[in-house]
Amino acid sequence: MSSAPSRQFLFLLASARADGNAEQLARRAAASLPAAVRQTWVRLADHPLPAFVDRRHETDEAWAPAVDGAARFLLESTLASTDLVFVAPVYWYSLPTAAKLYLDHWSAWLRAPGWDFKARMAGKTMWAISSFSDTDPALATPLRDTLRLTADYMQMSWGGFLLGEGNRPGDVQKDARAHAAAETFFTRPTD
Ligand SMILES: Cc1cc2nc3c(=O)[nH]c(=O)nc-3n(C[C@H](O)[C@H](O)[C@H](O)COP(=O)(O)O)c2cc1C
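Not measured: the values here are computed from a predicted model.

The subject of this paragraph is the overall build of the protein. Regarding its fold elements, the protein presents six helices and five strands. Of the regular secondary structure in the protein, the N- to C-terminal order runs β-α-β-α-β-α-α-β-α-β-α. What you see for the protein is a C-alpha radius of gyration of 17 Å, in line with the 16 Å of a compact globule of 191 residues. For the protein, the C-alpha atoms occupy an extent of roughly 55 × 50 × 30 Å along the three principal directions. Looking at the protein as a whole, 44% of its 191 residues are labelled buried. A fraction of 80% describes how many contacts in the protein between residues 6 or more apart in sequence connect residues 24 or more apart. Counting every atom, the protein has about 10,000 Å² of accessible surface; 51% of that belongs to carbon and sulfur. For the protein, the distance from the average position of its 20 positive side-chain charges to the average position of its 21 negative side-chain charges is 4 Å.

Okay, structure coming up:
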C-alpha cells in the first residue's frame, strides 16, 4: 500500500542571535505540526555563505556556477523540503542579512547546471515567521512582501505570515495574539 509522501518542513533561522523572539514563535507554531511531518531546523549563521558575486553577464556564455560548501548544504536542504519556513526578525523593515544572502544565492542556484532549481522549487510552500519591536504590522510589510513575491516568482505557494511583538529575547512570550495565531498557523487554510 502506498502512502502520500510526507511533508518536510525546513526552518531557516535567520536572526543574528540564537533563541530569539522569531525562533521562539516558530517553535511554538511547529509544535502543532502533525508528528508525521519531518522538521529540519537550520541556523543560517552555522552555514555562512560567501558574499554573492554577480557573474551572470561577465561573458557571452551562460554562467554555470559550481555549488559547494555551505551553499551546497543549503541548496540540498532546500530542495529536500516541501515547505520552506523563513524564521526571520525584522531588520530595518526587511530581512536580516543571512536570509537575504541566502536568497541572493538562489540567483546562482537558478543557473547551476544539473540542479534544475527553478522546476524543483515550484510547488513547494513558503512561510514566514517574524518578530519586531514595533506594534504596527504595516511596518513589517516589506519583509513579508519580499518573501511573498519571491514565492510567486518561483511558482511556490504562499503559506502565510506570522508576526510577533518583542525586542529583548523572550518578549514575544507576552504577545498573546501571536501565540494564539501560532497554534493554528501551519494547520489553518492558507492565504
Ligand atoms: C539590525 C537590527 C535592525 C532592526 N530593525 C528593526 C526594524 O526595522 N523594525 C522593528 O520593529 N524592529 C527592528 N529591530 C528589532 C528586532 O526586530 C526585534 O528585537 C526582534 O524581536 C528580534 O528578533 P529575534 O529575537 O528573533 O532576533 C531591529 C533589530 C536589529 C538587531
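Picking up after the structure, the text goes on.
For the rest of this paragraph, the subject is a nonpolar patch on the surface. Where nonpolar side chains cluster on the molecular surface, the patch consists of Tyr91, Trp92, Tyr93 and Leu139 and spans about 490 Å² of accessible area. Within the secondary structure layout, Tyr91 lies in the loop between strand 3 (83-87) and helix 3 (97-109). Here Tyr91 falls in the partly exposed class, since its relative accessible area comes to 32%.

This part takes up the packing of aromatic side chains. Going through the model one piece at a time under the given rule, you end up with 14 aromatic pairs. Between Trp109 and Phe117, the ring centres sit 5.6 Å apart and the planes meet at 80°, which makes this aromatic pair edge-to-face. Taken together, the ring pairs connect Phe9, Phe11, Trp41, Trp127, Phe185 and Phe186 into an aromatic cluster. Over the aromatic face of Trp41 sits the side chain of Arg27, whose NZ or CZ is 4.0 Å from the ring centroid. For the cation-ring pair, Lys118 lies above Tyr153, with the distance from its terminal atom to the ring centre recorded as 3.9 Å.

This part takes up the packing of helix 1 (residues 21-30) against helix 6 (residues 176-184). It is at 7 Å that the axes of helix 1 and helix 6 come closest, and there the two elements cross at 40°. Classified by the interaxial angle, the pair formed by helix 1 and helix 6 is oblique. Seen from helix 1, the contacting residues are Leu25, Arg28 and Ala29; seen from helix 6, they are Ala178, His179, Ala182 and Glu183. Here the contact of helix 1 with helix 6 is built from residues that sort into four nonpolar, one polar and two charged.

Assignment of secondary structure puts Ala62 in the loop between strand 2 (38-43) and helix 2 (69-80). When its relative accessible area of 71% is taken as the criterion, Ala62 is described as exposed. With 49 residues separating them in the primary sequence, Ala62 and Arg111 have C-alpha atoms 8.2 Å apart.

Judged by nonpolar contacts, the single largest core of 39 residues is most densely connected at Leu84, Phe86, Tyr102, Trp106, Trp109 and Leu147. Contributions of two or more residues to this core are made by strand 1 (8-13), helix 2, strand 3, helix 3, helix 4 (117-121), strand 4 (125-132), helix 5 (141-153) and strand 5 (157-165). Among the elements that make up this core, the one with the highest residue count is helix 3 (seven residues). Filtering out sequence-adjacent residues up to four positions away, Phe86 remains in contact with Leu12, Ala99, Tyr102, Leu103, Met126, Trp127, Ala128, Ile129 and Leu147. Counting 20 residues, the second-largest nonpolar core is a separate cluster that includes Leu25, Ala29, Ile129 and Leu162.

So, about helix 1. For helix 1, the buried fraction is high: eight of the 10 residues fall into the buried class. Within helix 1 the residues assigned to the buried category are Asn21, Ala22, Glu23, Gln24, Leu25, Ala26, Ala29 and Ala30.

Owing to its 3.6 residues per turn, the α-helix brings residues three or four apart onto one side. Turning to helix 6, its buried residues number three or more, namely Ala178, His179 and Ala182. Buried residues of helix 6 fall within an arc of 100° about the axis and therefore sit on the same side. Away from the buried face of helix 6 by more than 90 degrees, exposed residues Ala176 and Arg177 are located. On its buried side, helix 6 packs onto helix 1 and strand 5. By the N-cap criterion, in which a side-chain oxygen at the helix start approaches the backbone nitrogen of a residue two or three places on, helix 6 is capped by Asp175, the distance to Arg177 being 3.3 Å.

Cut-offs used in this document
Residues numbered from 1 in each chain as written. Predicted model: local features only at pLDDT ≥ 70, side-chain atom pairs only at ≥ 80, totals over all residues. Heavy atoms only, no water. Helix = DSSP H or I, 4+ residues; strand = E, 2+ residues; numbered from the N terminus. Rg over C-alpha atoms; globule rule 2.2 N^0.38 Å. Buried < 20%, exposed > 50% of the residue type's maximum accessible area, 1.4 Å probe, protein only. Contact = heavy atoms within 4.5 Å. Areas by Shrake-Rupley, 256 points an atom, 1.4 Å probe, with all protein chains shown as cover. Lys, Arg positive; Asp, Glu negative; His and termini not counted. Charge placed at Lys NZ, Arg CZ, Asp CG, Glu CD. Patch = residues over 30% accessible without salt bridge, like charges linked within 9 Å, V, L, I, M, F, W, Y side chains within 5 Å. Salt bridge = Lys/Arg side-chain N within 4 Å of Asp/Glu carboxyl O. Phe/Tyr/Trp six-rings, centres within 6.5 Å; stacked < 30°, edge-to-face > 60°. Lys NZ or Arg CZ within 6 Å of the ring centre and 35° of its normal. Axes fitted to C-alpha atoms, helices over the stretch in contact; angles between N-to-C directions. Parallel < 35°, antiparallel > 145°, perpendicular 65-115°, else oblique. Nonpolar A, V, L, I, M, F, W, Y, C, P; charged D, E, K, R; others polar. Core = buried A, V, L, I, M, F, W, Y, C linked by side-chain atoms within 4.5 Å. Arc of directions from axis to C-beta. Polar contact = N/O pair within 3.5 Å; in protein donor to acceptor, adjacent residues only side chain to side chain.

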